[in-house]
Amino acid sequence: MTSPARVDAVGKGEPEAGSVPDPDPARGVAGDLAGRSPGRLMWMRFKRDRTGVTSACVVLFICLVAALAPVISKLYGKDPYTRYGQLRPGLLNENGFPILPNGGISGDFWFGIEPHLGRDVFMRLIFGMRSSLSLALAVTILSVLTAIVIGVSAGYFGGKIDYFLGRFTDLMMSFPNQLFFVAFTPVVGALMVDPEDAMRTWLRACVLIYVMWILGWMTLARLLRGQVLSLREREFVEAAKVAGTPPWRIVRKELLPNLMTPILVQATYMLPQFVTAIAGLSFLGVGLVEPTPDWGRMFADGADWFQSDITYMFFPGVAMVVFIVAFNLLGDSVRDAFDPKSDR
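No experiment lies behind these values; they were computed from the predicted model shown. Note that residues are indexed from 1 along each chain, following the sequence as it is written. The predicted origin of the model limits local features to residues at a pLDDT of at least 70 and limits the giving and counting of side-chain atom pairs to 80 or more, whereas totals for whole chains, interfaces and linings rest on all residues. Calculation of side-chain values draws on the structure's entire complement of heavy atoms; hydrogens and water are dropped beforehand.

We now examine the packing of aromatic side chains. Stacked, tilted and edge-to-face are the three classes applied to pairs of Phe, Tyr and Trp rings, where Trp contributes its six-membered ring and a pair requires centres within 6.5 Å; stacked means planes under 30 degrees apart, edge-to-face means over 60, and tilted covers the rest. All chains considered together, the criterion is met by 13 aromatic pairs. Ring geometry for Tyr 76 and Phe 122: centres 5.0 Å apart, planes at 70°, overall edge-to-face. Placement of Tyr 76 in helix H3 (residues 69-76) and of Phe 122 in helix H6 (residues 121-157) is noted, with a sequence separation of 46 residues between them. Judged by relative accessible area, Tyr 76 falls into the buried class, the value being 11%. Taken together, the ring pairs in this structure connect Tyr 76, Trp 110, Phe 111, Phe 122, Phe 314 and Phe 315 into an aromatic cluster. Strands here are runs of E lasting at least two residues and helices are runs of H or I lasting at least four, both read from the DSSP assignment and numbered beginning at the N terminus. Remark: exposure states derive from per-residue accessible area (1.4 Å probe, protein chains only) relative to the maximum for the residue type, with buried under 20%, exposed over 50%, and partly exposed in between.

Put into structure tokens, the structure is as follows:
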């Protein structure tokens, strides 16, 4: 027996007389699908989903902008740290706010400048996206790997291993994530750095990644455990056991290929959740702090300045909403592409 995730190549047969070929290339049962792998079938289904393709393009564009932030800074001629409003006369009034309307938007400053300090908002936004996405990506990768190890181990081996890993997962899920993100981050930081010393930016980022990783893997782990409990009773797994295949090889060759759908779908949901969580921590003052650019810090500053100019809330708000909506739609499209019963 072979795994459902594999499609063996077969020869193309002649259609019977009077038969009507299936017009859908992704669902045809004749020779059109011969030799096509599940990944290729998924890609064919995904390309036909306009919403998914559009969402993927938006997500890719935002990620490229964040990754190329230093290059954009050189081309733009500004950086997110220089206080242009204090260095150039005529940009800020006597109260420290931009003289030009809409936050000081001009040909030199595309999204305006910050009050008092006069830093470029466009550069702060791009580097803030870079910081938030980098941290969220690291947390997502660590959480997915941890969930795979714990969920697959509990589901495949069962018995005492399943019991202890299950109780450990239940214990970790009892902690309210957002509350403990706020509570644990300063505590972990205080254990690593003397309270009288300022915590370095890289260490603060590591603390955020560690805390969110420890509290972010449980949902996916329970989902994978349930999937493995069902898969381990299938014929292809039983045949591998009878053949004397080592457990690690069964997991790698038979189980993991059949778990890619929930893993990819859940990962596309987890990353934007971690982005918003990191922004929320920075907004509350326990995440990244000045002068490091961050989405959450831009929201916190915009909340102080929105009465004088709503522009400071507009740009980071629109960027985050577009990113999160696009990523969620991408996750739905990936799930539909992997689902052979879907009509999309």
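Before going further, it helps to spend a moment on the packing of helix H13 (residues 295-305) against helix H14 (residues 311-338). Only the contacting stretch of a helix is used when fitting its axis, a line to C-alpha atoms as for every element, and angles between N-to-C directions run 0 to 180 degrees. Interhelical geometry of H13 versus H14 gives an angle of 145° and a closest axis separation of 8 Å. Along this stretch, H13 crosses H14, giving a crossing that reads as left-handed. Facing Trp 295, Met 298, Phe 299, Gly 302, Ala 303 and Trp 305 of H13, the residues of H14 in contact are Tyr 312, Met 313, Pro 316, Gly 317, Ala 319, Met 320 and Phe 323. Residues were grouped as follows: Ala, Val, Leu, Ile, Met, Phe, Trp, Tyr, Cys and Pro as nonpolar; Asp, Glu, Lys and Arg as charged; and all remaining residues, including Gly, as polar. Broken down by class, the residue content of the contact of H13 with H14 amounts to eleven nonpolar, two polar and no charged. Handedness of a crossing follows from how the near helix is turned relative to the far one, being left-handed for an anticlockwise turn of less than a right angle and right-handed for a clockwise one. Note on contacts: a residue pair qualifies if any of its non-hydrogen atoms lie within 4.5 Å across the two residues.

With that settled, consider H3. Count 3.6 residues to each turn of an α-helix, and residues three or four apart come out pointing the same way. Among the residues making up H3, those that are buried are Ala 69, Ser 73 and Tyr 76. Summarising the axial view, the buried residues of H3 lie within an arc of 75°, below the 170-degree limit, and thus occupy one face. Turned more than 90 degrees off the buried face of H3, the exposed positions are Lys 74 and Leu 75. Its buried side turned inward, H3 meets helix H2 (50-67) and H6. As used here, the arc is the angular range of directions from the helix axis to the C-beta atoms.

Tracing the backbone shows Thr 140 in helix H6. Excluding its chain neighbours within four sequence positions, the residues that come into contact with Thr 140 are Ala 267, Met 270, Leu 271 and Phe 274.

We now examine the nonpolar core. Nonpolar side chains in soluble globular proteins tend to end up buried together. Residues grouped as a nonpolar core are buried Ala, Val, Leu, Ile, Met, Phe, Trp, Tyr and Cys residues, joined through side-chain atoms within 4.5 Å. Grouped together as the largest cluster of nonpolar side chains are 84 residues, with contacts concentrated most on Met 212, Val 275, Trp 295 and Phe 323. When sequence neighbours within four positions are dropped, the list of residues in contact with Trp 295 reads Leu 125, Gly 128, Met 129, Ser 132, Val 275, Ala 279, Pro 316, Ala 319, Met 320 and Phe 323.

The salt bridge definition used is simple: a Lys or Arg side-chain nitrogen within 4 Å of an Asp or Glu carboxyl oxygen. Taken as a whole, this structure holds ten salt bridges when the rule is applied. A salt bridge links Arg 297 to Asp 301, with the shortest nitrogen-to-oxygen separation between them at 3.5 Å. Of this pair, Arg 297 and Asp 301 both sit in helix H13, separated by four residues, roughly a single helical turn. For the pair formed by Arg 297 and Asp 301, the shared burial category is buried. Through salt bridges that share partners, Glu 114, Arg 119, Arg 124 and Glu 290 make up one connected network.

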